[in-house]
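Analysis of the macromolecular model
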Amino acid sequence: MMQLLFQGVDGVADRTAEVRSCPSLPSTVPADSCSLQPVEPGDTLHEECGVVAVHGHPDAARQAYLGLYALQHRGQESAGIATANGQHLSNIKGMGLVSEIFTEDVLHKLPGTMAIGHTRYSTTGDSALLNAQPIRVDSTKGLIAIAHNGNLVNLGNVRERLEREGAYFQTTSDSEIIVQLIAHSGRHTLVDCIADSLAQVEGAFSIVMMTRDRIFAARDPRGFRPLSMGRIRNPNGPDTIVFASETCAFDLLRAEYERDVLPGELVMVTEDGVTSRQYATGVPQSSCIFEHVYFARPDSRIFGRWVQESRDQMGRQLARESGVPADVIVPVPDSGVTAALGYAEEARLPFRMGLIRNHYVGRTFIEPEQRVRDFGVRLKLNPVRNLLEGKRVVLIDDSIIRGTTSRKIVRMVRGAGAKEVHLRISCPPTISPCFYGVDTPSKRDLIAANNSVEQIRHFIEADSLAYLSLEGLLKCCDNGESNRFCTACYTGNYPTQWVDVDEILPATANV
Ligand code: SF4
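Structure report, in brief. Treat the numbers as computed from the prediction; the structure is a model and nothing was measured.

1. Here we look at the site of the ligand
Surrounding the ligand, one finds Phe 224, Arg 225, Cys 288, Ile 289, Phe 290, Cys 434, Tyr 436, Val 438, Cys 486, Ala 488 and Cys 489. Considered class by class, the residues forming the shell around the ligand number 10 nonpolar, no polar and 1 charged.

Structure representation (structure tokens):
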């Protein structure tokens, strides 16, 4: 059974409802007989969220669904779609994958020509259904639905002030703070209230918002997270305007990429067309460089550059900086593939898929009664023995977080007969946590924050280990327009003042 939350849906009282669906488990296994464990808990970085918005389409909910489907990699915990038709604003959200939640029946309950959607991996607030997005709030400014990618950092302060002023929060999600600020703004028009509220929050936010008759899209003044605008041409009427976290969503919608929403820009779409204003200026840009390293799909264009191009360059640069005599280049799938192709071409060595990923492993698995060593990794990855046996292998991956997963992969490749295993990482060592929407462990748990490269090499049992330099990474992501990036997880230099001091304390003991 899957739980859905219905808000403002025609013919359905606001409530949670259970629908039959348990796709993460094989249907022959009774749910109560399973031991469900997270796959490799805590040693991967989690995508944060994906957002979409659609204005001016007769089946806006389905368009939002397709957009979210393409953005599923940005969050698999929950998803939601809100639609509006000028009078009503309906919202349905649930826990699970987009395709699990939005069946044909559910999509039919979401009429309207406007929609916003969200897919989420929780970074703040708990993971309850109520905190899934879009969040729909009935405020003094009318019904507003909001979907947010990123993380606010002056949250506690603003929330306390709003509560003192009488705000009643319906969720523990930081995104609701923006709506409460809008409700409490003394400005005269809604768009002024939104601009006023966005100027008061600090941190990372790419948001889409919807009232009964308008769509808004905005990025924080530093432009941490991507957000692009596209257009579906309609020869018989006004074009459909769409927004998405990544341009790969436009391909499924057959929308043309038009432009990025600028840092500090607020865009409004109404029946009369698109208008825009800069609600913040003069703030240095700090777009998340890790989007290029890991989060975004290679078929997306973010911060003015194709992700595929950046990753290919990272691999090439890595080969130039720390090439090693080898027989074969093997990516850790899937995120290491593009960089490994670049490395192999630059090093003139064969590229081989020496590790195969099982794409059907969900976020949970049924653990065997007897715990098998390295079971979690073996469930996801399997070596292709004939490609590895007797070879000097260069493994390409995009990060080492705690080091435990990397060690299991190195062991797996060696166990498959590799003569040497050299690990190359397509970004600098991750030494500091992220406060802008990426779920990183605190500093004491980051292996590179507390150990030298040689100590990490020893821990993961590789023959050699090298990371891409920061200068090299910046060069690989440069789009020629002097884009400036946040690199705080590699440097510890945060672009905002608000950070959680507790999280950046180093560990007391080394591995
Ligand atoms: Fe991105 Fe790292 Fe900056 Fe977080 S700290 S926004 S992951 S570059």
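Back to the write-up after that little detour.
2. Describing unusual backbone geometry
Residue Pro 134 follows Gln 133 across a cis peptide bond; omega there is 5°. By the secondary structure assignment, Pro 134 is in the loop between β7 (114–120) and β8 (135–139). With an omega dihedral of 0°, the bond running from Pro 333 to Asp 334 counts as a cis peptide bond. The backbone phi angle of Phe 303 is positive, close to 50°, even though this residue is not glycine. Here Phe 303 shows up in the loop between β18 (301–302) and β19 (305–306).

3. Regarding the side chain of His 57
Of note, His 57 is situated in the loop between β4 (49–55) and α1 (60–70). From its side chain, His 57 meets the backbone nitrogen of Asp 59 in a polar contact 3.0 Å long. Filtering out sequence-adjacent residues up to four positions away, His 57 remains in contact with Gln 63, Gly 112, Thr 113 and Thr 240.

4. Some words on the packing of aromatic side chains
All chains considered together, the criterion is met by 9 aromatic pairs. Between Tyr 65 and Tyr 69, the ring centres sit 6.1 Å apart and the planes meet at 45°, which makes this aromatic pair tilted. Here the residue Tyr 65 and the residue Tyr 69 both occupy positions in helix α1, the gap between them amounting to 4 residues, near one helical turn. Its relative accessible area of 16% is what places Tyr 65 among the buried residues. A centroid spacing of 6.5 Å and a plane angle of 65° characterise the contact between Phe 290 and Tyr 490, whose relative ring orientation is edge-to-face. Note that Phe 290 is positioned in helix α8 (residues 290–295) and Tyr 490 in helix α17 (residues 488–491), a separation of 200 residues in sequence. For Tyr 490, a relative accessible area of 7% translates into the label buried. The structure contains a cluster of three or more aromatic residues connected by ring pairs, namely Phe 224, Phe 435, Tyr 436 and Tyr 494. Above the plane of the ring of Phe 169 lies Arg 159, whose end atom (NZ or CZ) is 4.1 Å from the centre. The cationic tip of Arg 407 hangs over the ring face of Phe 459; the distance from NZ or CZ to the ring centre is 4.1 Å.

5. Re the nonpolar core
Ranked by size, the top nonpolar core spans 67 residues in total, and within it Leu 395, Ile 400, Tyr 436 and Leu 473 carry the most contacts. When near neighbours in sequence (up to four residues on either side) are disregarded, Leu 473 contacts Ile 289, Val 293, Met 314, Ser 426, Cys 427, Pro 428, Leu 468 and Tyr 490. One finds Val 9, Ile 81, Val 98 and Leu 107 within the second-largest nonpolar core, a separate group that totals 33 residues.

6. Side note on the sheet that holds strand β26 (residues 464–467)
The strand order β20-β24-β25-β26 describes an open sheet built from 4 strands, whose pairing is parallel. Because the sheet does not close on itself, it has two edges, and the strands there are β20 (328–331) and β26. This sheet shows a mean twist of 20° between the axes of neighbouring strands, independent of strand direction. Where strand β24 (residues 392–397) meets strand β25 (residues 420–425), 6 bridges bridge the pair, whose relative direction is parallel. Across the sheet, the residue bridging to Asp 397 is Ile 425, located in β25. Contacts from helix α9 (residues 307–322) reach β25 and β26, with the element oriented near 125° to β26. Running at roughly 165° to β20, helix α10 (residues 337–347) makes contact with β20, β24 and β25 of the sheet.

7. Examining the sheet that holds strand β10 (residues 203–210)
Spatially, the 6 strands line up as an open sheet ordered β8-β9-β10-β11-β15-β16, and their pairing is antiparallel. The open sheet has two edge strands with one neighbour each: β8 and β16 (273–278). Strand-to-strand twist across the sheet, computed as the mean angle between neighbouring axes with direction ignored, equals 20°. The sheet contact formed by strand β11 (residues 215–219) and strand β15 (residues 265–270) spans 4 bridges and is antiparallel. Pairing of Phe 216 across the sheet is with Met 268, part of β15.

Rules and cut-offs
- Residues numbered from 1 in each chain as written.
- Predicted model: local features only at pLDDT ≥ 70, side-chain atom pairs only at ≥ 80, totals over all residues.
- Heavy atoms only, no water.
- Near = heavy atom within 4 Å.
- Nonpolar A, V, L, I, M, F, W, Y, C, P; charged D, E, K, R; others polar.
- Helix = DSSP H or I, 4+ residues; strand = E, 2+ residues; numbered from the N terminus.
- Polar contact = N/O pair within 3.5 Å; in protein donor to acceptor, adjacent residues only side chain to side chain.
- Contact = heavy atoms within 4.5 Å.
- Phe/Tyr/Trp six-rings, centres within 6.5 Å; stacked < 30°, edge-to-face > 60°.
- Buried < 20%, exposed > 50% of the residue type's maximum accessible area, 1.4 Å probe, protein only.
- Lys NZ or Arg CZ within 6 Å of the ring centre and 35° of its normal.
- Core = buried A, V, L, I, M, F, W, Y, C linked by side-chain atoms within 4.5 Å.
- Pairing = 2+ DSSP bridges.
- Axes fitted to C-alpha atoms, helices over the stretch in contact; angles between N-to-C directions.

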